[in-house]
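Secondary and tertiary structure notes
One-letter residues, chain by chain:
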Amino acid sequence: MTAMPEAAAETRHDDYPNAYLLGILNGVRTIAMVGASPNWNRPSYFAMKYLQAKGYRVIPVNPRAAGTEILGEPCYASLKDIPDRFDMVDIFRASDAAGGIVDEAIGIAGDKGIRVIWMQLGVRDDAAARRAEDAGLQVVMNRCPKIEFGRLNAELSWGGFNSKVISSKRRRVSLS
């Protein structure tokens, strides 16, 4: 397993360096996905399935689905209910719910091994991010680990998307 980069006290949350995101994605193996859905047509279901296919263990957290299984994993009502250790908390909830989830994660981080808080696309809570960073955790906001994994591993370019990692454009050569 690749070493995790240190949590940055002054992380710029508007533009993450590729190395920061890749360091996180290469350093985590087990993800607790808060807001995971058992419905096959929800974005959290797609993200969970994709991340599982890439070798991550994704533990679903959803109070309404607690006690059931989602994609072969038992679902829990809250982070503290998960009996196993996990590296990252992926928040698939609205921004106004993120602060409470972050506070719960901070409270159990030492016991559970949590090193990263990742807030999905459209989810941002700067105050919660500061609290998490002050507690020594790395934070990513308004990004999807599924999308970032594909972009940073040049998978999006297979579908014709410009991942800004690999380009088929030739550079201009000056003849003068």
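These notes cover the structure that comes with them. It should be emphasised that the depicted structure is a prediction, and the values quoted were computed from it without experimental measurement.

When its secondary structure is counted, the protein shows five helices and seven strands. Secondary structure elements of the protein, listed N to C terminal, follow the sequence α-β-α-β-β-β-β-α-β-α-β-α. Relative to its full complement of 176 residues, the protein shows a buried share of 47%. Of the contacts formed within the protein by residues at least 6 apart in sequence, a portion of 62% connects residues at least 24 apart. Within the structure as shown, the protein displays about 9,600 Å² of accessible surface, and the carbon and sulfur contribution to it stands at 50%.

Attention shifts here to the sheet that holds strand 1 (residues 30-34). The five strands lie next to each other as 2-1-5-6-7, forming an open sheet whose pairing is parallel. In this open sheet, the two edge strands, each paired with only one partner strand, are strand 2 (57-61) and strand 7 (138-140). Neighbour-to-neighbour, the strand axes of the sheet open up by a mean angle of 20°, direction not taken into account. Sheet contacts for helix 2 (residues 43-53): strand 1 and strand 2; angle to strand 1, the most-contacted strand, approximately 175°.

In this structure, His13 sits in the segment before helix 1 (18-27). Judged by relative accessible area, which is 11%, His13 ranks as buried. There is a polar contact of 2.6 Å between the side chain of His13 and the side chain of Tyr16. One polar contact links His13 to Glu133, side chain to side chain, over a distance of 2.9 Å.

For the rest of this paragraph, the subject is helix 4 (residues 126-134). Every buried residue of helix 4 is accounted for by Ala128, Ala129, Ala132 and Glu133. The buried residues of helix 4 all sit within an arc of 135° when viewed along its axis, so they share a single face. In this structure, the buried residues of helix 4 make contact with helix 3 (95-112), strand 6 (116-119) and strand 7.

Quick look at the environment of Ile70 now. Looking at the element boundaries, Ile70 is found in strand 3 (residues 69-70). Taking relative accessible area as the criterion, Ile70 reaches 1% and is therefore assigned buried. Beyond its immediate chain neighbours, meaning those up to four positions away, Ile70 contacts Ala36, Ser37, Pro38, Tyr45, Met48, Pro60, Ala65 and Cys75.

Looking now at the packing of aromatic side chains. This structure, assessed with the given rule, holds three aromatic pairs. Consider the rings of Tyr16 and Tyr20, whose centres lie 5.8 Å apart with planes at 10°: the pair is stacked. Note on Tyr20: relative accessible area 11%, which makes it buried. Taken together through their ring pairs, the aromatic side chains of Tyr50, Tyr56 and Phe149 make up a single cluster. Taking the ring centre of Tyr56 as reference, the NZ or CZ of Arg29 above it sits at 4.5 Å. Stacked on the ring of Tyr50, the Lys or Arg Lys146 has its end atom at 5.0 Å from the ring centre.

Rules used in this analysis
Residues numbered from 1 in each chain as written. Predicted model: local features only at pLDDT ≥ 70, side-chain atom pairs only at ≥ 80, totals over all residues. Heavy atoms only, no water. Helix = DSSP H or I, 4+ residues; strand = E, 2+ residues; numbered from the N terminus. Buried < 20%, exposed > 50% of the residue type's maximum accessible area, 1.4 Å probe, protein only. Contact = heavy atoms within 4.5 Å. Areas by Shrake-Rupley, 256 points an atom, 1.4 Å probe, with all protein chains shown as cover. Pairing = 2+ DSSP bridges. Axes fitted to C-alpha atoms, helices over the stretch in contact; angles between N-to-C directions. Polar contact = N/O pair within 3.5 Å; in protein donor to acceptor, adjacent residues only side chain to side chain. Arc of directions from axis to C-beta. Phe/Tyr/Trp six-rings, centres within 6.5 Å; stacked < 30°, edge-to-face > 60°. Lys NZ or Arg CZ within 6 Å of the ring centre and 35° of its normal.

These values are about where atoms sit, not about what they do.
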